[in-house]
Structure formats: structure tokens, C-alpha cells
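Coordinate analysis (summary)
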Amino acid sequence: MEERQKILIVEDEDVNRRIVKKILADQYDILEAENGAVAWEMISEEESNVDAILLDIVMPEMNGYAFLERIRKASMTELPVIVMTGEADNETEQKVLNAGAWDFITKPYNARVLRSRLRNAIARRQVSVYEKMQKMAAHDPLTGLHNRGRMFEKTRQMVDAHPDKTFLFLRIDIDNFSLYNAAFGEEEGDRLLCFLAQFFEQLAKEYELITFGRMNADIFCACVEYSGKRNEIQEAVDKVQQKLAEYSKNYLLEISVGIYQIDDPSLSVEEFYQRASIGTQKCKRQFGKHIGYYDEAYRKQAERDLQITNEMKNALEKKQFVVYLQPKFDLTENCACGAEALVRWKHPERGLIPPGEFIPVFEKNGFIAQLDYYVWENTCQMIKKWVDEGKNPFPVSINISRISLYNPKLVEILTGLVERYQIDYGLLQLEVTESAYMTNPELMQNTIHLLRNAGFVILMDDFGSGYSSLNTLKDIEVDILKLDMKFLPKSGAVEKGEIILASMIKMASWLGMPVVAEGVETRQQRDFLEGVGCEYVQGYFYSRPIPQAEYEAKYIYGEA
Ligand code: C2E
Ligand code: CA
Ligand code: CA
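Every value quoted in this text rests on a predicted model; they were computed, and no experiment measured them.

**Overview of the overall build of the protein chain**
Check the secondary structure of the protein chain and you find 21 helices and 19 strands. The C-alpha atoms of the protein chain give a radius of gyration of 37 Å, which is well past the 24 Å a tight globule of 560 residues would have. Considering only C-alpha atoms, the protein chain reaches an extent of 110 × 60 × 45 Å along its principal axes. Put simply, of all contacts in the protein chain between residues at least 6 apart along the chain, 65% involve residues at least 24 apart. Carbon and sulfur atoms make up 50% of the accessible area of the protein chain, which totals about 29600 Å². Positive and negative charge centroids in the protein chain, built from 66 and 87 side chains respectively, lie 1 Å apart.

Printed below as a string of C-alpha cells:
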């Protein structure tokens, strides 16, 4: 039979004790004390294992408040005490709870209320005792390694005991562990973790100063004295990697190790861990790269990226993104012939932010699709305005990010815009980047085919930056190539670069494809391009990207 729980009633009036006892006796074992002092004696000397106390306030010798004070001083606060008071006012209630009571009940007693308050208090206690025990337990039940709490504690002690030494804090996890679990079952997943844990234990024997443990799931941590040689760390990680390859021959198991070199031992171990985690992000999902060192620059970057993500939606709503235009020039005619729409972020505090800072973040978090649409629509509005004013504007090209290119609705969206703003298809050109082709050639081929059929002119952006540039040409029907001067070697191999550039331009002309050279910064470059038969140019040598009003003044209404 299960042991009954014990309740101690502390109350000076005999009759009251008897009433309470009568309510509870069928469920609990009852102990009684006629004042605080007697009660204190009972719970402190006897291993009475009292489960809860019902406490009166007004008593001789030691009253309820004094008793609560004793309990608090003895750090016995996980023992539930419910105060029984005659007064039901808020003030008494507050005073009693402040003194450390778990709950209270007012006289005369209602049997149901008393029982349920008592039951709740005891349940709450069991949960808190259980949590405390969990915390105190030092070992991870699965692998037998130290758990997070103990590992952190040991690390703190070790680092503090050796202020003259440098330590590394490592965070190790298995890439795609959840996939492994799903493929082979949880039991096998556990087996893998135990295998790894054993190997860590073995490896740890080679180090004099080391702590290690398992945090949760597939995450392990170690803190080890640093010899100053990064290749030693690399060797150890290679060993683990090799062991894993032996363990699982038909499933690629890879680990990621984030490392923080503890250059600030005053930080908490939790912060060591956070920094090592930031290091991990540097090697995640990069084939063959297993170690990422935390560095300050990377942390700042991660922080900036986060800030950008937090602010982006609001920025779009507040119309902080503005479209600049960079004119393109016809080399032979020596005049402007078009423009590229390039977005900028007019940040209320940080000023004008160039797209290089936020586009990569938006590409990662998917927001680029919304920004793309915003830029496209703004560009359509500009063109419509010029046409409505009776002008004859040059075509403007917009950038189609990779994510947008993969949107099955892309053709619909773009034709929708052109129809809504009633502009000529020839006036809105589309720049697609070559790198999208590498990821998914068929999809890109398909989409471009549909876009051209709809009437759009397609420019292949950043041509020559990828590996398969020449190959792509025969597969994709684009109208114009954009060659970026920045992809040419800067120094030394200038000649070689020029030969490549010249032959690409020549080849494009054989295919009947016009070329826009972008990133043209110097007269030399311009002259060279003219010499090899390049027709169109874009770059700082001619003009930087400029605000709409300036573009209009110069190239729509103006003198150019
Ligand atoms: P991109 O499409 O290759 O655009 C050309 C970039 O080269 C622009 O940088 C332009 O300002 C810069 N540039 C132009 N002439 C010169 C020059 O003579 N020298 C140098 N060093 N640079 C020159 P920007 O505006 O900073 O844009 C960077 C990239 O951000 C763009 O490269 C494009 O990939 C992306 N981007 C810009 N606006 C948008 C947009 O509205 N949507 C999307 N999806 N991407 C955009
Ligand atoms: Ca572009
Ligand atoms: Ca480009």
C-alpha cells in the first residue's frame, strides 16, 4: 500500500485542531502541535517527512510569523505551509504570503476548499523537488557524460583555477542528426550518441585540463587548454570525423564544431557557449568544413543581419526603400540608352545603406521576393509617369533575384504589372543572374522562355562570374549579356583578362548578342572596350546610380 502523506496542524486551540483533523483524517496522517515552537521541534528533530503544514497565526510562545521566519532561515522553503487565518482581508493575505506561506485559508473552514488547497500545494512541491533533483543530478542518463549543469560548473572551476592559461570552448553537433534519427530510428540515434560519447572520453585522456559533457540532443561541449596550435584542434576533429565515417559506412555523418577561444574569462560559461554557437554557424552546411572559430567581426555581422531582419518589414511599409537609376551608354553613339534600377535603403538613423548589406540577408530570409516586387512596381510607376508626360524614355532594367525566378507565378506577376501600368514590354527589361542557372538549369530555361514569349527582353547579369558561362549560352535564350569588369583580374593577369573579355565579346557578336560591360571605372577600360567592339557600357566612369529626380533632369527632360 502506498504510504499516506503526513500533514502537521499547528494551532493552539484544541477545538480548531479537531475540526481540521476531522476533515483530513481519512486521506492523510495527521500530526499536531499547539504552537510554533513545538512544531519546529517536531519537524527539525524527527525525520518526520511532513508533506505539508497548516499553520495558525495567533499562538503563544512562537506565533505563525515567527515560525515562517524559522523555516525561511533554515532554507526549508520547499515545504508547503498553508496559513489558517481568521481575517480575510487583503492586507493580512499579502502579509502572510510575503512571510513565505504558500497559500492561506480563512476560518471557518470549508472542507472542499481546504482539501483542494492542500492537494495543490503538495503537488506543487513535488514538481519543484523533482526539478531540483534533476538539476542536481550531474550526469546525462543516456551517455553517462556530465550534463550541461555539471559541465558548466566544472568549466567555471577549471578556467578560474588557471588564470595564466588559455582555453578553448567547443560546441560539437552532428549535422542533420534529426534526419539520421528519422532514417534509422531513435534507438539507433541513441546508439550513435553513446558511441560518440565514448570516443570523446577516450580522446579526452590525451588532455590534462579538459571538461566535457552532453548538453541535449546531439550537442556536446568541451573546454580544453589551448596549446596555441590550431592544427592540433583540426587533427582531433579529423579523428572524430574519421571515427564517424567508420561507424556509419552508408550514411554521411558530419560534425560541426564551433570554437570560442576564451579571451575574456570574466564572461559566464553560458556566454562561452553562445559564442561557440556563433562559430558553428560559420561551418554549417559547408561540405568538408567542420570547424568555425568565433570572432568578433562575425558576431557583429550576425548582429547587424539580425537588426536588418527585425527592421525590414517596417522599412517596406514606411517606404524607406528607394529606387536609384544608373544610366547605360551607347559607346558608338556616345549617348545614354537605358538604365538599371538599383535599390537603396534610406534608413532614418543609418543613412543610405547600399544593397550589398541587406540583399544577401533578404535572400537568406526570403524577404527579397517582397522587395523585388516593390522595386518592380516602383519602376513601372516611373516609366508610366514619363510616358504619360509625353516623353520617350529609355528602357529600364530591373533585377530578378534567384528566389523570384523560381516563383511559379513570376510570369503572371510581371505581365500583370506591365498590363496594369499599361507600359510597353520593351521598356521594362529583366536582369537574371547566371548563378541561378547553376542551381536549377531546367527551371530557369523554362521561365526565361516564357518571359521572352510574353515580350520581355532578358539580360544575363554577371555573365562570366560562373563556371559554365560559355556552356550556358547555348542552352538559354537571353537577349543581352552583361559582363562585369570586376570579375576581371585586377593586377598581374590584366592581359590574360583582357584576352578573355575580348573573346567573350567577339563570341557574343557571332551569336548576334549585344553586350553591356558594367563596372567601367576608367577611360582606359572604356577605350579598350571600344577597341574590342563592345557596344554598351555602364559604370562610375559615366555615372553612378542616381536618384530618380536627378535621372529625370538629365536623361528624360534634360540636356543629355
Ligand atoms: P548588380 O545587379 O550586378 O548591379 C551592379 C552593381 O555594380 C551596382 O551595385 C552598381 O552600383 C555597381 N556599379 C556600377 N558601376 C560601377 C563601377 O564603375 N564600379 C563599381 N565598383 N561598381 C559599380 P549596387 O547598387 O550596390 O548593387 C549591388 C547588387 O545588389 C546588384 O548587383 C544586385 O545584385 C543587387 N541589387 C541591387 N538592387 C537590387 C534590386 O532592386 N533587386 C535585387 N534583387 N537585387 C538588387
Ligand atoms: Ca544587375
Ligand atoms: Ca551585374
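There's plenty left to go through after this.
**Considering the packing of aromatic side chains**
Going through the model one piece at a time under the given rule, you end up with 25 aromatic pairs. Here Phe-329 and Tyr-555 contribute two aromatic rings whose centre-to-centre distance is 6.2 Å and whose plane-to-plane angle is 75°, an arrangement assigned as edge-to-face. Pair noted here: Phe-329 is in strand β11 (residues 321-330) and Tyr-555 is in helix α21 (residues 548-556), with a separation of 226 residues, a long-range link. With relative accessibility at 11%, the residue Phe-329 sits in the buried group. Aromatic ring contacts, followed pair by pair, group Phe-152, Phe-169, Tyr-260, Phe-272, Tyr-273 and Tyr-294 into a single cluster. Arg-117 extends its terminal NZ or CZ atom over the ring of Phe-104, reaching a point 5.8 Å from the ring centre.

**With respect to the site of ligand 1**
Gln-326, Arg-344, Asp-372, Glu-521 and Tyr-540 are the nearest of the 21 residues found near ligand 1. Separating an oxygen atom of ligand 1 from a side-chain N or O atom of Asn-399 is a distance of 3.2 Å. The side chain of Glu-521 places a nitrogen or oxygen atom 2.6 Å from a nitrogen atom of ligand 1. Here ligand 1 loses 81% of its free accessible area of 790 Å² to cover by the protein chains. The set of elements that each furnish at least two residues to the shell around ligand 1 consists of β12 (335-347), α12 (355-365), α13 (368-388) and β16 (458-463).

**Things to note about the coordination of the calcium ion (ligand 3)**
Donor atoms from the polypeptide that coordinate the calcium ion (ligand 3) comprise Asp-461 (OD), Asp-462 (OD) and Glu-518 (OE), at 2.1 to 2.3 Å from the metal. Counting the intervening residues between successive donors of the calcium ion (ligand 3) yields the motif D-D-x55-E.

**Let's talk about the environment of Thr-309**
Position of Thr-309 among the secondary structure elements: in helix α11 (residues 296-317). Residue Thr-309 is classed as partly exposed on the basis of its relative accessible area, which comes to 29%. Separated by 52 residues in the primary sequence, Thr-309 and Val-361 have C-alpha atoms spaced 7.4 Å apart. When near neighbours in sequence (up to four residues on either side) are disregarded, Thr-309 contacts Val-361 and Asn-365.

**Re the sheet that holds strand β6 (residues 167-174)**
On the basis of which strands lie adjacent, the open sheet formed by five strands has the order β7-β8-β6-β9-β10 and mixed pairing. The open sheet has two edge strands with one neighbour each: β7 (210-216) and β10 (291-293). Strand-to-strand twist in this sheet, taken as the mean axis angle between neighbours without regard to direction, amounts to 20°. Inspection of the sheet shows β7 paired to strand β8 (residues 219-225) by six bridges, in the antiparallel sense. Note that in β8 the partner of Thr-211 across the bridge is Cys-223. The sheet contacts of helix α6 (residues 148-161) involve β6, β7 and β8, and relative to β7 the element is tilted by about 155°.

**Some thoughts on the coordination of the calcium ion (ligand 2)**
Every protein donor of the calcium ion (ligand 2) is accounted for by Glu-340 (OE), Asn-399 (OD1), Glu-431 (OE) and Asp-461 (OD), and the metal-donor separations fall at 2.2 to 2.3 Å. Donor residues for the calcium ion (ligand 2) sit on one chain with the sequence pattern E-x58-N-x31-E-x29-D. Metal-to-metal, the separation of the calcium ion (ligand 2) and the calcium ion (ligand 3) is 4.0 Å; Asp-461 coordinates the two. Separated by 62 residues along the polypeptide, Asn-399 in strand β14 (residues 396-400) and Asp-461 in strand β16 bring together distant segments of the chain. The class for Asn-399 is partly exposed, based on a relative accessible area of 23%.

**Thoughts on helix α10 (residues 269-281)**
Over its 13 residues, α10 extends 19 Å from the first C-alpha to the last, a length consistent with the 18 Å expected when each residue adds 1.5 Å. Residues of α10 that are buried include every one of Val-269, Phe-272, Tyr-273, Arg-275, Ala-276, Ser-277, Ile-278, Gly-279 and Thr-280, and no others.

**Some remarks on the domain arrangement of the protein chain**
Taken domain by domain, the protein chain holds domain 1 (6-138), domain 2 (148-294) and domain 3 (305-556). Taken over C-alpha atoms, the centre of domain 1 sits 76 Å from the centre of domain 3.

**Quick word on the nonpolar core**
In a soluble, globular protein the nonpolar side chains are often hidden away together inside. In this structure, Phe-321, Phe-362, Leu-371 and Leu-529 are the most contacted members of the largest nonpolar core, which totals 75 residues. Here this core gets nine residues from one element, more than from any other, and that element is α13. Apart from the residues lying within four places of it in its own chain, the contact partners of Leu-371 are Leu-316, Phe-321, Val-343, Phe-358, Ile-359 and Phe-362. The next biggest cluster of nonpolar side chains, apart from the first, holds 31 residues, and it includes Leu-170, Ile-172, Val-224 and Val-240.

**Description of the pairing of strand β18 (residues 515-518)**
Residues Val-515 and Ala-517 line one face of β18 and the alternating positions Val-516 and Glu-518 line the opposite face, and both faces are buried. Relative to β18, strand β17 (residues 480-484) runs parallel, the two sharing four bridges. Each bridged residue has a counterpart across the sheet, and for Leu-481 the counterpart in β18 is Val-515. In this structure, β18 lies alongside strand β19 (residues 536-538), joined through three bridges in parallel fashion. Note on β19: the bridge partner recorded for Ala-517 is Val-537. Read as a crossover between parallel neighbours, the route from β18 over helix α20 (residues 523-531) to β19 is right-handed.

**Some thoughts on the packing of helix α7 (residues 177-184) against helix α8 (residues 186-204)**
One can describe the packing of α7 onto α8 by two numbers: an axis separation of 6 Å at closest approach and a directional angle of 130°. By the criterion of interaxial angle, the relationship of α7 to α8 is oblique. Two secondary-structure elements touch here, α7 through Phe-177, Tyr-180, Asn-181 and Phe-184 and α8 through Glu-186, Glu-188, Gly-189, Leu-192 and Leu-193. Among the residues making up the contact of α7 with α8, the classes are represented as five nonpolar, two polar and two charged.

**Quick word on the environment of Leu-481**
Examined against the element boundaries, Leu-481 turns out to sit in strand β17. Exposure remark for Leu-481: the relative accessible area of 1% places this residue in the buried category. Counting along the chain gives 23 residues from Leu-481 to Met-504, while the straight-line C-alpha distance between them is 9.9 Å. Those residues within four positions of Leu-481 in sequence are excluded, and the remaining contacts are Met-460, Phe-463, Leu-473, Ala-508, Met-513, Pro-514, Val-515 and Val-516.

Quick notes on the rules
Residues numbered from 1 in each chain as written. Chains lettered and ligands numbered in written order. Predicted model: local features only at pLDDT ≥ 70, side-chain atom pairs only at ≥ 80, totals over all residues. Heavy atoms only, no water. Helix = DSSP H or I, 4+ residues; strand = E, 2+ residues; numbered from the N terminus. Rg over C-alpha atoms; globule rule 2.2 N^0.38 Å. Contact = heavy atoms within 4.5 Å. Areas by Shrake-Rupley, 256 points an atom, 1.4 Å probe, with all protein chains shown as cover. Lys, Arg positive; Asp, Glu negative; His and termini not counted. Charge placed at Lys NZ, Arg CZ, Asp CG, Glu CD. Phe/Tyr/Trp six-rings, centres within 6.5 Å; stacked < 30°, edge-to-face > 60°. Buried < 20%, exposed > 50% of the residue type's maximum accessible area, 1.4 Å probe, protein only. Lys NZ or Arg CZ within 6 Å of the ring centre and 35° of its normal. Near = heavy atom within 4 Å. Polar contact = N/O pair within 3.5 Å; in protein donor to acceptor, adjacent residues only side chain to side chain. Donors = N, O, S within 2.8 Å, 3.2 Å for Na, K, Ca; no water. Pairing = 2+ DSSP bridges. Axes fitted to C-alpha atoms, helices over the stretch in contact; angles between N-to-C directions. Expected span 1.5 Å × (residues − 1). Domains from an automatic or database assignment. Core = buried A, V, L, I, M, F, W, Y, C linked by side-chain atoms within 4.5 Å. Right-handed = clockwise from strand over helix to strand, strands pointing away. Parallel < 35°, antiparallel > 145°, perpendicular 65-115°, else oblique. Nonpolar A, V, L, I, M, F, W, Y, C, P; charged D, E, K, R; others polar.

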